[in-house]
Every structure is written in C-alpha cells, then in structure tokens.
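# Residue-level structural notes
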Amino acid sequence: MDTPSLLHHPGIQRAAAMLKKGKVVAFPTETVYGLGGDATSEKAVDSIFEAKGRPSDNPLIVHIADTDQMKSLVREVPPIGKKLMNRFWPGPLTLILPQGDRVVPRVTAGLDTVGIRMPDHPVALALLKLAGVPVAAPSANLSGKPSPTKATHVWHDLAGRIDALIDGGATGVGVESTVLDISGEIPVLLRPGGITRTMLEEVLGPIQADQNMEQPVISPRSPGMKYRHYAPAGKMWLVIGEGMELKKKVQELADQGEKEGHQVAIMTTEEHRDFYRARWVLACGKYRQPETVAQGLYECLRQFDQLGADWIVAEGFPPVGLFHSVMNRLIKAAEGRVVHS
Ligand code: TXA
Ligand code: MG
C-alpha cells in the first residue's frame, strides 16, 4: 500500500495517536526498524533510552515526513544540504546540521547539532504524517545487538519494553542510513550506510571520512561509533583479503576453533558456501549482489546466537559501495578481531 492509503489504516492511526501521547512505537523504515518517540517530549525520549538500554551520550536521529518540519529543527540548511535532500530524500541519508532548539536536549546528547532523515517507507511516512511531530528513532534493538530488519527481531529484543510495534514485513536496505555531517565547512562521512560514498560524491565531489569510522574506538564526532555494536554472543573473527588466500584463511580459523572445542559457524555468501566445512555455514546473500548481503547481514548475525555458535568466522568483502557499509558493521561485530589473509 502507498502512503496516502495508509493514512486511513486504523493500526497506524492508533500508533500515531500513541506517539502524540508520548508513548514509544517500533515501526519499519527502508533500512531497519526504528523505535520512535516524540522528539519534543522528555518522557518519550527517556522511554526510548530506557527500552534500549542505550548510553545517554549517544544521540538519536530525528525522523520527518515533510521538509517544512526542518524549519524549527535546524538553525540553517546550507546549499549542499538542499541539494542532498532533493537528491536522496526520502531515503537512507541522515544529515547532521546545526540544531534549533525544538527537540529535548537528550535527543542530541547535548551536542549543538541534530541528525535528521526522511525515511523512504510508506508505513513510516504515514505514521510520521499522522503523528505530526518530529520523531526521534534509534534502531529498535537492545543496545549492542544487531539492528532489527524484521518485526520478530524487535519483538525478541524489546517485548514488554515498548508500547506498540507495527509489523511492516522485512525492511529493504538492511543496513542503517548513511550519516553525513554537513554542519561544518567540509562534509564528513560519519557512518556509511544505504547511500554509498560514490553516490554522495557524485553530488558533492570528494568528501572526507571520519578517521575513526572503521575502528571500534572513541570518536568525538559521532558518539555512536565508540560502543560495542551489532555483536553476536559468540566470538567473531573477520578475515580480509582476496580470492583463494581469503577462503583458506577462513577455513583455517574455523578449523582452529573446532580443534579448541568451539561450536563453529562460518559466514559467507551463496557463491562461496560450498567451499567451506564447519558445523554451520551460513550464506548471507549473494556476493555478486551486494544489496542482498546488506539485506541479510543482521538476520545472519542474529542466527549465530540462535544456533549457539560461540566461534564465528566471517569472510570479508572489498570495502566499496554497499560492501563498505557491510564491512563497517562487521568490523564492529568482530570487536576488532580482524585477520589479514
Ligand atoms: O537507518 C537509520 O538511521 C535507523 C532508522 C531507524 O532510521 N536509525 C538508526 O539510529 O540507525 P541509531 O540510533 O541506531 O544510530 C544513529 C547514529 C549513531 O551512530 C549516532 O551517534 C549518530 O547517528 N548521530 C545521531 N545524531 C548525531 C549528531 N548530532 N552528531 C553526530 N552523530 C549523530
Ligand atoms: Mg543502532
């Protein structure tokens, strides 16, 4: 269904009414499920942090359905901001801009900037339009766990902790939005996501990437980068390299885990699956279609926990296009256990 017809959907109307009352509602976007609350309500924003167990110094993205909402949320939109909004909204791009003072301080974790995005999902857009308020929404997972790409993932993590969940089926992109800071002189890429660096550079020319982006360490510019993220319960290794050398190293690490008595799982793609021997070999999408790997990534990471794998060896990807975003998440999931083949 499209957004105009969904405006009449009783379930979405009910969820919007809840948002207006300061309740928190999980909903689908084109990237991952979000846990939404009125960004101007202290109570709602507090509930989001509490439900997720999220550290207070990690700011939230504010979601809007209409660019008119920008006026009160930001002090100004630079010309490149307008260009980016025209080109990529609605869509998986979050823009960091100097903030107005509409949202409660906890949304921005005390920073003088605010992250804003317009999601490209009919359910999200209908919900945001009906609610009529800017909606702060982090991914709807417990803090530290892989982001949810299905309603069942949200339910697994947050049942009993939230007021409502809208099931809109599996999300499309599978990794979160790209976060681009345009509050300063030079645009800085803080998190690679659904919009690739190449797509941004087609509009902006060369951009800078935050130096700490690929490392699970403290970055002053995007507080979200310093925390343990996306991690399965088992110990994960990420192997980088190419061709046969890469595959051999993956198998070697898996064999080592097995020898040490671990429950071993390998994460690969459909094309490479038959190469490997391990207790579990999971194909997360097709190597030749990076969008399918992005789509399947978080489901795969969650499966390792369900299977009970305590030693996971992931085959790395060349860090370009959507694989760049996938690798960014895998490096964090592996908590720095990156092995070169
Ligand atoms: O695709 C997405 O962006 C999803 C869906 C639900 O919209 N949301 C999402 O939110 O991924 P979350 O909270 O999981 O990630 C938000 C990221 C964090 O890394 C946070 O630090 C960064 O955006 N962020 C938010 N506001 C910021 C700001 N003012 N300055 C720098 N980074 C900011
Ligand atoms: Mg998140």
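Residues numbered from 1 in each chain as written. Chains lettered and ligands numbered in written order. Predicted model: local features only at pLDDT ≥ 70, side-chain atom pairs only at ≥ 80, totals over all residues. Heavy atoms only, no water.

## A word on the domain arrangement of the protein chain
Rules: What fixes the domain bounds is an automatic or database domain assignment. Here, two residues are considered to be in contact whenever any of their heavy atoms come within 4.5 Å of each other. Here the quantity called buried area is the total loss of accessible area, with a 1.4 Å probe, experienced by two parts when brought into contact, counted for both. Salt-bridge detection follows one rule: a side-chain nitrogen of Lys or Arg within 4 Å of a carboxyl oxygen of Asp or Glu. The definition of a polar contact used here is a pair of N or O atoms within 3.5 Å, where within protein one atom must be able to donate a hydrogen and the other to accept one, and adjacent residues in sequence count solely through side-chain atom pairs. The numbering of helices and of strands both runs from the N terminus, where a helix is a DSSP run of H or I of at least 4 residues and a strand a run of E of at least 2.
Here the protein chain is partitioned into domain 1 (3-209) and domain 2 (235-340). Measuring from the centre of the C-alpha atoms in domain 1 to the corresponding centre in domain 2 gives 29 Å. Across the contact, 23 residues belong to domain 1 and 15 residues belong to domain 2. Of the roughly 1500 Å² buried between domain 1 and domain 2 on both sides combined, carbon and sulfur atoms contribute 53%. For domain 1, the biggest contributors to the area lost against domain 2 are Pro-146, Val-175 and Pro-192; these three give 36% of the whole. Taken together, the connections running from domain 1 to domain 2 amount to four salt bridges. Across the pair Lys-145 and Asp-305 runs a salt bridge, and its minimum N-O distance is 3.6 Å. Put simply, domain 1 and domain 2 have nine residue pairs in polar contact (both at pLDDT 80 or more) between them. Contributions of two or more residues to the side of domain 1 that touches domain 2 are made by helix H7 (151-158) and strand E9 (188-191). For the side of domain 1 that touches domain 2, the leading source of residues is H7, giving three residues.

## Concerning the pattern of salt bridges
How we decide: Burial here depends on accessible area, computed with a 1.4 Å probe over protein chains only, as a share of the maximum for the residue type. Under 20% is buried, over 50% is exposed, and the range in between is partly exposed.
The tally for this structure, following the rule as stated, stands at eleven salt bridges. Residue Asp-46 is joined to Arg-106 by a salt bridge in which the shortest nitrogen-to-oxygen separation is 2.9 Å. Pair noted here: Asp-46 is in helix H3 (residues 42-52) and Arg-106 is in the loop between strand E4 (93-98) and strand E5 (113-117), with a separation of 60 residues, a long-range link. Asp-46 gets classed as partly exposed once you look at its relative accessible area, which sits at 33%.

## What to know about the site of ligand 1
Cut-off, in case you're wondering: Whether a residue is near a molecule or strand depends on its heavy atoms: it is near if one of them lies within 4 Å of it.
Taken together, 28 residues sit near ligand 1, with Thr-31, Arg-54, Asn-58, His-63 and Ser-177 positioned nearest. The separation between an oxygen atom of ligand 1 and a polar side-chain atom of Ser-139 is 3.0 Å. Take Arg-191: an N or O atom from its side chain is 3.0 Å from an oxygen atom of ligand 1. Broken down by secondary-structure element, the contributors of at least two residues to the shell around ligand 1 are strand E3 (61-63), E5 and E9. Among the elements that take part in the shell around ligand 1, E5 stands out by supplying four residues, more than any other.

## Things to note about the sheet that holds strand E2 (residues 34-38)
To be explicit about the condition: The criterion for strand pairing is that DSSP finds at least two bridges linking the strands in question. For helices, the fitted axis covers only the stretch in contact; all axes are lines through C-alpha atoms, and the angles between them, taken along N-to-C directions, range from 0 to 180 degrees.
Across the sheet, which stays open at both edges, the ten strands sit in the order E7-E1-E2-E6-E3-E5-E4-E8-E9-E10 with mixed pairing between neighbours. The open sheet has two edge strands with one neighbour each: strand E7 (164-165) and strand E10 (208-209). Direction of pairing for strand E8 (residues 178-181) relative to E9: antiparallel, over a ladder of three bridges. Bridge pairing in E9 places Val-179 opposite Arg-191. Each of E4, E8, E9 and E10 touches helix H8 (residues 197-204); the most contacted strand, E8, lies at about 35° to it.

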